[in-house]
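Residue-level listing of the chains:
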Amino acid sequence: MQLLNVSHLKKYFKDIKAVDDISFTIEKGEILGLLGPNGAGKSTTISMLSTLIKPDDGVITYKGKDIVKSPQAIQGSLGYVPQEIALYPNLTGRENLEFWGRAYGLKGKKLNKQMKKVSGIIGITDRLKDKVSQYSGGMQRRLNIGAALLHEPELIIMDEPTVGIDPQSRKHILDTVLELNKEGMTVIYTSHYMEEVEYICNKVCIMDNGKIIANGTKKDLVNLIDDKKRILIKVDNVNDVLLKDIGNIQEVTDVSSEENTVIVTVSNGKATFKRIIEVLNNTEIGIRSIDINEPNLETVFLHLTGKALRD
Ligand SMILES: Nc1ncnc2c1ncn2[C@@H]1O[C@H](COP(=O)(O)OP(=O)(O)OP(=O)(O)O)[C@@H](O)[C@H]1O
Ligand SMILES: [Mg+2]
């Protein structure tokens, strides 16, 4: 079932085209990754989905209902985890959850039950009595997520929930997202960490300069550049004959060298690999190591934009 449909969405700030005509959909039960560098337009997109700001143009529907015209069509079903931590540092963890629970309309037994459940999910039950100002960065991030889970939303939108935290908290958050998804929650997850998106998301939108420049499963995206597989061969010494012989292999699209490493770009991984080994065996040159660089989302991004995801 299609949950959210975004069509020709635009938001400009004077001459900055923060979101510049993007369209995508999310099905119930998916984890959609919104991947892009600083300033790509991720938070602006999410703010419009969460009805915090109005688009200049375009349509967003949730279960077929226009949420720009009727924000209440999504508000009760949505959990929004902002990029900036939205907690009261002088209140305890428990008090913060209570505040957010009430903001979402929970009270009494239901509120208590949900607070207990959520503190278990985010793993802070034993620190609920402490002031948030005494929490580590990772614990604050986890509580920030917990605040958005209290009303059991159908869709959770997380804006870079793992920025600046330790690896252990990061792992906890990622596994929590997977666990919530297993129980049926649909997730939009924003990040500029390619490895996080690869780990949890089954669909990815790559954003840059306000536009979605690629969209699909990880496999779809990697297939865009599958002809760009690179093989790095470290040898005792490189010579022109070797480069020429490798270059003559039909599926080799490019060959170059850097110090003692031969860099080969091939259009057909395995078969070509064998041919390269044959060429190497026919020379007297010693091989030290061979590395095959499988394309990943980082290389897709690099290929599409000409720049690295993190500068
Ligand atoms: N309220 C605003 N007023 C003016 N410009 C804005 C405003 N909000 C965002 N922008 C601009 O819009 C562009 C997109 O910003 P946005 O915050 O959506 O990017 P982002 O992908 O979330 O980046 P980051 O990874 O740094 O959080 C940027 O150039 C930003 O400066
Ligand atoms: Mg942002």
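How each quantity is defined
Residues numbered from 1 in each chain as written. Chains lettered and ligands numbered in written order. Predicted model: local features only at pLDDT ≥ 70, side-chain atom pairs only at ≥ 80, totals over all residues. Heavy atoms only, no water. Helix = DSSP H or I, 4+ residues; strand = E, 2+ residues; numbered from the N terminus. Buried < 20%, exposed > 50% of the residue type's maximum accessible area, 1.4 Å probe, protein only. Contact = heavy atoms within 4.5 Å. Lys, Arg positive; Asp, Glu negative; His and termini not counted. Charge placed at Lys NZ, Arg CZ, Asp CG, Glu CD. Near = heavy atom within 4 Å. Areas by Shrake-Rupley, 256 points an atom, 1.4 Å probe, with all protein chains shown as cover. Nonpolar A, V, L, I, M, F, W, Y, C, P; charged D, E, K, R; others polar. Pairing = 2+ DSSP bridges. Axes fitted to C-alpha atoms, helices over the stretch in contact; angles between N-to-C directions. Donors = N, O, S within 2.8 Å, 3.2 Å for Na, K, Ca; no water. Salt bridge = Lys/Arg side-chain N within 4 Å of Asp/Glu carboxyl O.

(A) Here's a closer look at the overall build of the chain. Of the regular secondary structure elements, the chain holds 11 helices and 14 strands. With respect to the three principal axes, the spread of C-alpha positions in the chain is 80 × 45 × 35 Å. Classification of the 311 residues of the chain by burial places 45% in the buried group. Pairs at least 24 apart in sequence give 68% of the contacts found in the chain among residues at least 6 apart. Here the chain carries 41 positive and 41 negative side-chain charges, and the mean point of each set is 9 Å from the other.

(B) Structural context of the site of ligand 1. In the vicinity of ligand 1 lie 13 residues, with G39, K42, S43, T44 and Q83 positioned nearest. With the chains in place, 63% of the 640 Å² that ligand 1 exposes on its own is no longer accessible. Among the secondary structure elements, those contributing two or more residues to the shell around ligand 1 are strand 2 (16-27) and helix 1 (42-49). With 3 residues, helix 1 is the largest single contributor of residues to the shell around ligand 1. Residues of the shell around ligand 1, tallied by class, amount to 5 nonpolar, 6 polar and 2 charged.

(C) Main features of the sheet that holds strand 10 (residues 211-216). Read across the sheet, 6 strands follow the order 6-7-8-3-9-10 without closing on themselves; strand pairing throughout is mixed. This sheet does not close on itself; its edge strands, each paired only once, are strand 6 (78-81) and strand 10. Strand-to-strand twist of the sheet, defined as the mean angle between neighbouring strand axes without regard to direction, takes the value 15 degrees. Bridge count for strand 6 against strand 7 (residues 155-159) is 4 bridges, and the pairing is parallel. Pairing of G79 across the sheet is with I156, part of strand 7. Running over the sheet, helix 11 (residues 297-305) touches strand 3 (31-35), strand 9 (203-208) and strand 10 and is turned about 35 degrees from strand 9.

(D) Spatial organisation of the coordination of the magnesium ion (ligand 2). Bound to the magnesium ion (ligand 2) are the protein donor atoms S43 (OG) and Q83 (OE1), situated 2.0 to 2.2 Å from the metal. Here Q83 lies in the loop between strand 6 and helix 3 (93-103) and S43 lies in helix 1, a separation of 40 residues in the sequence. Since its relative accessible area comes to 25%, S43 is described here as partly exposed.

(E) Here's a closer look at the pattern of salt bridges. Inspection of the entire model under this criterion finds 17 salt bridges. The shortest N-O distance in the salt bridge between D130 and R127 comes to 2.5 Å. Between R170 and E196 there is a salt bridge, with the nearest N and O atoms lying 2.4 Å from each other. Within this pair, whereas R170 is found in helix 6 (residues 167-182), its partner E196 is found in helix 7 (residues 194-200), the two being separated by 26 residues in sequence. E196 matches R170 in its accessibility class, with the two residues each being buried. Taken together, the shared-partner salt bridges connect K28, K63 and E154 into one network.

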